[in-house]
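Residues per chain are reported as follows:
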Amino acid sequence: MQRLELARETVRRFNHRFSGEGKNKRPVFVEPKPRLSPSPRIMGTDGLTKMSKSKGNTIEVFDEPKVFWDKLKRAYTDPQRQKLSDPGRPEICNIFTMHKAMSSKETQDEVVANCTSAKWGCVDCKKVLFDNFEKELIPLRAKRAALSMDEVRQMLGDGASKARPLAVETMKEVRAAMGLGSLAT
Ligand code: SF4
């Protein structure tokens, strides 16, 4: 989001300066807008800050399932749930934020009902989440294992080849808008 905001600010300034005058005014670039998922901010397993390797609070997508579960099992939840019989507050719980990204609406409703009535403990809730992670990750792990480094390099090269002509076109627009006609080709 910070990088996107920087891009938006750059577009605004550029458009303000180089979009022409009066009837000819036409924004050169469109401001990029964020496209956020229902879980735009997932905190680290400590529940304090965003995931960061240096803080040791990450769960990595390609962690082995046992490692993944060990980390998830120990992850921070609602601190008010001291005992199993204490009702929880999914709305402030990082695990529920992950459910919003990984679980169906029905499961999310089930989590809310079972958390707020203390029918589930946090480990029950995390097990359901883990199973839903696994449904997504099993095929991804297989796909990853099947890829060779040569294929990955090839894909990166293909991506760069697609991006290059787009960047050239964009720079033409930039130079034309700035009146650097002779450099606009
Ligand atoms: S039951 Fe789930 S949503 Fe509720 S506090 Fe525990 S981990 Fe969070």
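Asks: So what's going on with the site of the ligand? Which residues, and what values?
Replies: The environment of the ligand is formed by Thr77, Asp78, Arg81, Cys93, Ile95, Val111, Cys115, Cys122 and Cys125. Elements with a minimum of two residues in the shell around the ligand: helix H4 (105-116) and helix H5 (122-146). The class makeup of the residues in the shell around the ligand is 6 nonpolar, 1 polar and 2 charged.

Asks: An account of helix H6 (residues 149-177) is needed here, citing residue identities and associated values.
Replies: Over its 29 residues, H6 runs 42 Å from end to end, which matches the ideal 42 Å to within 8%, given 1.5 Å per residue. Of the residues trailing H6, Gly179 is marked for its positive phi of about 80°.

Asks: Any details on the side chain of His99? Residues and values, ideally.
Replies: Structurally, His99 is set in helix H3 (residues 94-102). By relative accessible area, His99 is classed as buried at 0%. When neighbours within four sequence positions are excluded, His99 is seen to be in contact with Thr107, Gln108, Val111, Cys125, Val128 and Leu129.

Asks: So what's going on with the pattern of salt bridges? Which residues, and what values?
Replies: Throughout the structure, instances matching the rule amount to 15 salt bridges. In this structure, Lys66 and Asp70 form a salt bridge, with 2.9 Å as the shortest nitrogen-oxygen distance. Remark: Asp70 and Lys66 occur in helix H2 (residues 65-73); sequence separation between them is 4 residues, near one turn of the helix. Taking the relative accessible area as the measure of exposure, Asp70 reaches 23% and is therefore partly exposed.

Asks: Can you lay out the packing of H3 against H4 for me, pointing to particular residues and giving the numbers?
Replies: Look at H3 against H4: their axes get within 9 Å of each other, and the N-to-C directions meet at 160°. Classified by the angle between their axes, H3 and H4 sit roughly antiparallel to one another. With respect to the hand of their crossing, H3 and H4 are arranged in right-handed fashion. The segment H3 lies against H4, with Phe96, His99 and Lys100 engaging Thr107, Gln108, Val111 and Val112. For the contact of H3 with H4, the per-class residue count stands at 3 nonpolar, 3 polar and 1 charged.

Asks: Go over the packing of H2 against H5, please, and point to the residues and values.
Replies: Between H2 and H5, the least distance of the axes is 10 Å, while the angle of their chain directions is 150°. On the basis of their axis angle, the class for H2 and H5 is roughly antiparallel. Where H2 crosses over H5, the handedness of that crossing is right-handed. The segment H2 lies against H5, with Pro65, Phe68, Trp69, Leu72 and Lys73 engaging Val123, Lys126, Lys127, Leu129, Phe130, Phe133, Glu134, Leu137 and Arg141. Residues of the contact of H2 with H5, tallied by class, amount to 9 nonpolar, no polar and 5 charged.

Asks: Describe in detail unusual backbone geometry, supporting the description with residues and values.
Replies: Notably, Ala118 is not glycine yet its phi reads approximately 60°, a positive angle. With respect to the element layout, Ala118 can be found in the loop between H4 and H5. Of the residues examined, Ala118 reaches a relative accessible area of 17% and is grouped as buried.

Asks: Kindly report on a nonpolar patch on the surface, identifying the contributing residues and their values.
Replies: Together, Val61, Phe62 and Leu140 line one region of the surface with nonpolar side chains, adding up to about 240 Å² of accessible area. Looking at the secondary structure, you find Leu140 in helix H5.

Asks: Break down the packing of aromatic side chains for me, with residues and values.
Replies: Evaluated as defined, the whole model comprises 5 aromatic pairs. A centroid spacing of 5.5 Å and a plane angle of 50° characterise the contact between Phe14 and Phe29, whose relative ring orientation is tilted. On the criterion of sequence distance, the pair formed by Phe14 in helix H1 (residues 2-18) and Phe29 in the loop between H1 and H2 is long-range, its members being 15 residues apart. Residue Phe14 is classed as buried on the basis of its relative accessible area, which comes to 14%. Here the aromatic cluster, defined as three or more aromatic residues joined through ring pairs, consists of Phe68, Trp69, Phe130 and Phe133.

Cut-offs applied
- Residues numbered from 1 in each chain as written.
- Predicted model: local features only at pLDDT ≥ 70, side-chain atom pairs only at ≥ 80, totals over all residues.
- Heavy atoms only, no water.
- Near = heavy atom within 4 Å.
- Helix = DSSP H or I, 4+ residues; strand = E, 2+ residues; numbered from the N terminus.
- Nonpolar A, V, L, I, M, F, W, Y, C, P; charged D, E, K, R; others polar.
- Expected span 1.5 Å × (residues − 1).
- Buried < 20%, exposed > 50% of the residue type's maximum accessible area, 1.4 Å probe, protein only.
- Contact = heavy atoms within 4.5 Å.
- Salt bridge = Lys/Arg side-chain N within 4 Å of Asp/Glu carboxyl O.
- Axes fitted to C-alpha atoms, helices over the stretch in contact; angles between N-to-C directions.
- Parallel < 35°, antiparallel > 145°, perpendicular 65-115°, else oblique.
- Left-handed = near helix turned anticlockwise from the far one by under 90°.
- Patch = residues over 30% accessible without salt bridge, like charges linked within 9 Å, V, L, I, M, F, W, Y side chains within 5 Å.
- Areas by Shrake-Rupley, 256 points an atom, 1.4 Å probe, with all protein chains shown as cover.
- Phe/Tyr/Trp six-rings, centres within 6.5 Å; stacked < 30°, edge-to-face > 60°.

So, to be careful, I would describe these as geometric facts and stop short of saying anything about function.
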